[in-house]
Amino acid sequence: MGKYKDNCCINCSDEDRAKYEEIAKVIDSYKGKQGSLIMVLHAAQGIYGYLPLELQQFIADRMGIPFSEVYGVVSFYAFFTTKERGRHVVRVCLGTACYVKGAQKLIDSLTDKFQIAVGDVTADKKFTIEAARCIGACGLAPAVMVDDDVHKEVSPATLYDILDQYE
Amino acid sequence: MKITSINDLNQIKADYEAAMGKYHHKVLLCSGAGCISCNCSKVRDAIEAELANLGLADGVKMIETGCIGTCAEGPVMLILPERIFYVRVTPENVGEILKSQIIDGVVVEKQTFQDKTTKQYIPCIDDIPFFKEQVRIALRNCGNIEYKSLEAYIANGGYYAAYKALTSMQPADVVKEVLDSGLRGRGGAGFPTGKKWSLIGPGDQKYIVCNADEGDPGAFMDRSVIEGDPHNLIEGMMLAGYAIGATQGYVYIRAEYPIAVERLNDAIAQAREAGLLGGNVFGTDFKFDLEIRIGAGAFVCGEETALLSSIEGKRGEPRPKPPFPAVSGLYGKPTIINNVETLANIAYIVGNGAAEYSKYGCEGATGTKVFALAGDIMNTGIIEVPIGTTMRKVIYEIGGGMQGGKKFKAAQVGGPSGGCITAENIDVELEYTALQKLGAIMGSGGLIAMNENTCMVDTARFFTDFTQDESCGKCTACRIGTKRMLEILERITKGEGQPEDIDTLYNLGQVVKDAALCGLGQTAPNPVLSTIANFRDEYEAHINEKRCPAGICKELTVFEIQADKCIGCTKCARNCPVGAISGNVKEPHVIDPAKCTGCGVCRDNCSFAAIVPAKRER
Ligand SMILES: Cc1cc2nc3c(=O)[nH]c(=O)nc-3n(C[C@H](O)[C@H](O)[C@H](O)COP(=O)(O)O)c2cc1C
Ligand code: FES
């Protein structure tokens, strides 16, 4: 673990260093517990925002497992992302109930307005636009989740009023 | 306080009842996920403030419950003892409701539940068809008790079944009780639960795992159980653990359900604190504990062997069976995997006896089933009905019929592994065999009603897109087979279908079904096969006439305004994203077909059903 004496690389900002520090603590708290990689990755993504390759390497080293194993898990699960995110994550539900109620129109409207693809971040880094597979609010379809808030019965006409509530 | 005996349970129950007895009214506020998204926490704060304002704080108790069921009407609130059910409550109107109902004894009718067809208000919850036709066993406490209170759960009979089993039944007796109840797994396949438990292999360490992955997009039953009655799941897992000899349980919850994770975590901590989890439960030598594992957004992880890999922290790829998990499961140890709803029935069965449970339902499928109603239906939400209830009853009586008076076209049952039930089969009993005969499955309980504006080819494409995206890629049949099927379906919906496509889809579907490694691939072709069987004419219209009858496939559709129905309200023109609609106020409008993108926003917005799809000339 020589290259991570300070839990971070030489070029990192203080902010990054603090985050790596925090992630290291999480990893240590799972020490000796079987099958904790996914829980660690959840925590790491929560702290760092996303999981760039360097961070994955750091987790692998700290946990004493091969990098390929970490990368394999990160790439398998849709919840983990290796791309930098906007300040807010907008997840338009494309589950069955929402799709039947026209959620595709919301996606089309967003990608059209911001001129980005699903999964990308807007030019002003404010929003990451994602499509979700059912967020369990099917009775309120079409549903859009902004960060942890669920908004119900959204239409292309009301969508931007909702987004305007976020800074 | 530590709970070690029946006296402790009785004491807690008596104390809780005495505490509640002091109030002349109770206000049950739904804090299910649906109502939370409608800002019920602001309503809660408003209720607290208003009760204080009105001088009612000492006589009225507000209780935050799990999902009451009518998610579309949220936030909802039930006032006891009158049992008046208020919907769409807001921080602004709640004060008036509380004052009128509790102080003046006058129902505020316009805020109560309205039957959208008859326009009648139905103030008393017991008169509302949505609730009247239900039998709630798995959901018995959901919406009834304070979700975060262990005492409330005990006062409603909670942990008595665990006490009974641990102190007076052998593990084999518990297995037998569940076997006799006829309970079948509610996660999809419907395997008899007692039988599954009896197949547990030998070993010093065994596990019980709860499958709370709820991957079917369009289903939200399991989350309601966990969020509204977490102790019921804990007690069910304890009993299962006792029955099969497991000392450790895991609950695998999908990451999309942070509220469920939080509430279950809190309940586990309470149970530990009370000595109901850990060692020497009820003074016996039974030892049992629970841990939560969070998923990371992979549908295949709902499949039991993939789920086990995921708990182990690995890629969630399924393993071939045999060996079955009951023999070699988590970390190679004997493991039983059950669905949330399955486990939510166990305490009731053990507590009340198998016969009490099996009196509901039908031959070969006893008990009740929870369904999540969604789609174009009036009363979306969570319901629990005896197995064998007809689809008609669920859609029209409980569900209140279709929204906007539109025609029922089909319902998708069983999610991406299931099939559609058409209008002509609407009298089918919701039961394993009958559904299977129609090419659908019972599945986990997602029931999506679709109206006449739904394109069945596009629906098949939607589900195939889902399974293709979620295919883990381990086996060729699923990875490549679903990909080819998706390509064909995309081609058809874009108007590039070939005459032989229907046959190719059918044949490919059969191969994928037969050759795939796990249930994901084996069931992935179902939505395609089922729509071909029931709506072949729609496929043919897309392929031969390049026309989408429902007006969903954009490449094939433009919209037209029927001049005789249009009153010139201008709403369509204002909402058209591309400015394709023109016309003067109070005169029929027209759509420029060259500009129309076929998005259908105008049709959705028209209150006079004046806008219809037409074929796009190419
Ligand atoms: C692709 C796939 C996804 C599944 N998803 C779920 C799920 O989300 N929840 C669930 O309980 N069962 C799911 N199942 C069924 C489980 O494999 C398993 O049969 C079930 O959890 C057993 O519990 P039960 O006997 O109590 O129904 C899925 C199966 C397959 C093949
Ligand atoms: S389908 Fe959108 S929340 Fe379930």
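Remember, it's a predicted structure, so these values are computed and weren't measured experimentally.

### Let's talk about the overall build of chain A
Reasoning step 1: A tally of helices and strands in chain A yields 7 helices and 4 strands.
Reasoning step 2: Listed by position from the N terminus, the elements making up chain A come as α-α-α-α-β-α-α-β-β-β-α.
Reasoning step 3: In terms of principal-axis extent, the alpha carbons of chain A reach across some 55 × 35 × 20 Å.
Reasoning step 4: Out of the 167 residues in chain A, the part that is buried amounts to 53%.

### Considerations on the interface of chain A and chain B
Interfaces are often described in size by the accessible area the parts lose on coming together.
Reasoning step 1: Facing 36 residues of chain A, the contacting portion of chain B comprises 59 residues.
Reasoning step 2: When chain A packs against chain B, the two sides together hide about 3700 Å² of surface, and 56% of this comes from carbon and sulfur.
Reasoning step 3: Of all residues in chain A, Phe-76, Thr-96 and Arg-133 of chain A bury the most surface against chain B, accounting for 19% of the area lost on that side.
Reasoning step 4: The interface formed by chain A and chain B holds 3 salt bridges in total.
Reasoning step 5: Where chain A packs against chain B, one counts 21 residue pairs in polar contact (both at pLDDT 80 or more).
Reasoning step 6: Tallied by class, the residues present in the side of chain A that touches chain B amount to 20 nonpolar, 9 polar and 7 charged.

### What to know about the packing of aromatic side chains
Reasoning step 1: Under the definition given, this model contains 18 aromatic pairs over all chains.
Reasoning step 2: When the centroid spacing of 6.4 Å and the interplanar angle of 50 degrees are considered together, the rings of Phe-114 of chain A and Phe-127 of chain A count as tilted. A residue pair is termed long-range when its members are at least 10 positions apart, and Phe-114 of chain A in helix H6 (residues 103–114) and Phe-127 of chain A in strand E2 (residues 127–132) qualify at 13 residues.
Reasoning step 3: Ring centres 5.2 Å apart and planes at 70 degrees place the aromatic pair Phe-462 of chain B and Phe-463 of chain B in the edge-to-face group. One exposure class covers both Phe-462 of chain B and Phe-463 of chain B, and it is buried.
Reasoning step 4: Ring pairs connect the aromatic residues Tyr-20, Tyr-48, Tyr-50 and Phe-58 of chain A, which therefore count as one cluster.
Reasoning step 5: Between Lys-19 of chain A and the ring centre of Tyr-48 of chain A, over which it is positioned, the NZ or CZ distance is 5.5 Å.
Reasoning step 6: Taking NZ or CZ as reference, Arg-223 of chain B lies 4.5 Å from the ring centre of Tyr-257 of chain B, over its face.

### Notes on the confidence of the model for chain B
Reasoning step 1: Of all residues in chain B, 100% attain a pLDDT of 70 or more, and the chain-wide mean is 95.
Reasoning step 2: Predicted complex metrics record ipTM = 0.87 and pTM = 0.93.

### With respect to the packing of helix H3 (residues 40–53) of chain B against helix H4 (residues 94–103) of chain B
Residue and element names in this part refer to chain B.
Reasoning step 1: It is at 9 Å that the axes of H3 and H4 come closest, and there the two elements cross at 45 degrees. Put simply, H3 runs oblique to H4. Note that H3 runs across H4; the crossing there is right-handed. Across the interface between the two elements, Ala-46, Ile-47, Glu-50 and Leu-51 of H3 pack against Val-94, Gly-95 and Leu-98 of H4.
Reasoning step 2: Of the residues assigned to the contact of H3 with H4, the class counts are 5 nonpolar, 1 polar and 1 charged.

### Things to note about the site of ligand 1
All names here are of chain B.
Reasoning step 1: By nearness alone, 18 residues border ligand 1, and Gly-187, Lys-196, Asn-338, Asn-339 and Thr-342 come closest of all.
Reasoning step 2: One nitrogen or oxygen atom from the side chain of Asn-338 is found 2.9 Å from an oxygen atom belonging to ligand 1.
Reasoning step 3: Contact with the protein chains covers 89% of the free accessible surface of ligand 1, which is 620 Å².
Reasoning step 4: If you map ligand 1 onto the pockets, it falls in the second largest pocket.
Reasoning step 5: Of all the secondary-structure elements, those providing two or more residues to the shell around ligand 1 are strand E10 (335–339) and helix H22 (519–523).
Reasoning step 6: With 3 residues, E10 is the largest single contributor of residues to the shell around ligand 1.
Reasoning step 7: In terms of residue class, the shell around ligand 1 is made up of 3 nonpolar, 9 polar and 6 charged.

### Examining empty space enclosed by the protein
Where empty space is left in the structure can be found by rolling a water-sized probe over the atoms.
All names here are of chain B.
Reasoning step 1: In the structure shown here, the tally under the stated rule is 7 cavities of 30 Å³ or more.
Reasoning step 2: In this model, the largest cavity occupies a volume close to 110 Å³.
Reasoning step 3: Taken together, 16 residues make up the lining of the largest cavity; nearest its centre are Cys-566, Cys-569, Cys-572, Cys-606 and Phe-608.
Reasoning step 4: Of the residues that constitute the lining of the largest cavity, the class distribution is 9 nonpolar, 5 polar and 2 charged.

### A look at the sheet that holds strand E16 (residues 419–422) of chain B
Paired through their backbone hydrogen bonds, the strands of a sheet run either parallel or antiparallel.
All names here are of chain B.
Reasoning step 1: Reading across the sheet, the 5 strands line up as E14-E13-E17-E15-E16 and stay open at both edges, with mixed pairing between neighbours. Across the chains shown, the open sheet's two edge strands, defined by having one partner strand only, are strand E14 (381–386) and E16. Averaged over neighbouring strand pairs, the angle between their axes works out to 30 degrees when direction is ignored.
Reasoning step 2: With 4 bridges connecting them, strand E15 (residues 408–413) and E16 associate as antiparallel partners. Bridging across to E16, Val-413 finds its partner in Gly-419.
Reasoning step 3: Sheet strands touched by helix H23 (residues 526–544): E15 and E16. Its angle to E16, the strand with the most contacts, is close to 35 degrees.

### Quick notes on helix H13 (residues 304–311) of chain B
Residue and element names in this part refer to chain B.
Reasoning step 1: For H13, a buried count of 7 out of 8 residues is recorded, marking the element as mostly surrounded by other parts of the structure.
Reasoning step 2: Where H13 is concerned, the buried positions are Thr-305, Ala-306, Leu-307, Leu-308, Ser-309, Ser-310 and Ile-311.
Reasoning step 3: One or two positions beyond H13, positive phi appears at Gly-313, with a value near 85 degrees.

### What about the domain arrangement of chain A?
Reasoning step 1: For chain A, the assigned domains are domain 1 (14–76) and domain 2 (88–164).
Reasoning step 2: One C-alpha centre belongs to domain 1 of chain A, the other to domain 2 of chain A, and the line joining them spans 29 Å.

### Overview of helix H1 (residues 14–29) of chain A
Reasoning step 1: With 16 residues, H1 of chain A ought to run about 22 Å at 1.5 Å a step, and its terminal C-alpha atoms sit 23 Å apart, in line with that.
Reasoning step 2: Taken together, the buried residues of H1 of chain A touch helix H2 (37–48) and helix H3 (53–63) of chain A.

### So, the domain arrangement of chain B
Reasoning step 1: If you check the domain split of chain B, you get domain 1 (17–132), domain 2 (153–357), domain 3 (361–451), domain 4 (456–544) and domain 5 (557–614).
Reasoning step 2: For domain 4 of chain B and domain 5 of chain B, the distance between their C-alpha centres works out to 34 Å.

Definitions and limits used
- Residues numbered from 1 in each chain as written.
- Chains lettered and ligands numbered in written order.
- Predicted model: local features only at pLDDT ≥ 70, side-chain atom pairs only at ≥ 80, totals over all residues.
- Heavy atoms only, no water.
- Helix = DSSP H or I, 4+ residues; strand = E, 2+ residues; numbered from the N terminus.
- Buried < 20%, exposed > 50% of the residue type's maximum accessible area, 1.4 Å probe, protein only.
- Contact = heavy atoms within 4.5 Å.
- Buried area = accessible area lost by both parts, 1.4 Å probe.
- Salt bridge = Lys/Arg side-chain N within 4 Å of Asp/Glu carboxyl O.
- Polar contact = N/O pair within 3.5 Å; in protein donor to acceptor, adjacent residues only side chain to side chain.
- Nonpolar A, V, L, I, M, F, W, Y, C, P; charged D, E, K, R; others polar.
- Phe/Tyr/Trp six-rings, centres within 6.5 Å; stacked < 30°, edge-to-face > 60°.
- Lys NZ or Arg CZ within 6 Å of the ring centre and 35° of its normal.
- pLDDT = per-residue confidence, 0-100.
- Axes fitted to C-alpha atoms, helices over the stretch in contact; angles between N-to-C directions.
- Parallel < 35°, antiparallel > 145°, perpendicular 65-115°, else oblique.
- Left-handed = near helix turned anticlockwise from the far one by under 90°.
- Near = heavy atom within 4 Å.
- Areas by Shrake-Rupley, 256 points an atom, 1.4 Å probe, with all protein chains shown as cover.
- 1 Å grid on protein atoms, 1.4 Å probe; cavity = no way out; pocket = protein on both sides within 12 Å on 5 of 7 lines; lining within 4 Å.
- Sits in = over half its atoms within 2 Å of the grid points.
- Points joined across faces, edges and corners; volume = space filled by probe spheres on them.
- Pairing = 2+ DSSP bridges.
- Domains from an automatic or database assignment.
- Expected span 1.5 Å × (residues − 1).

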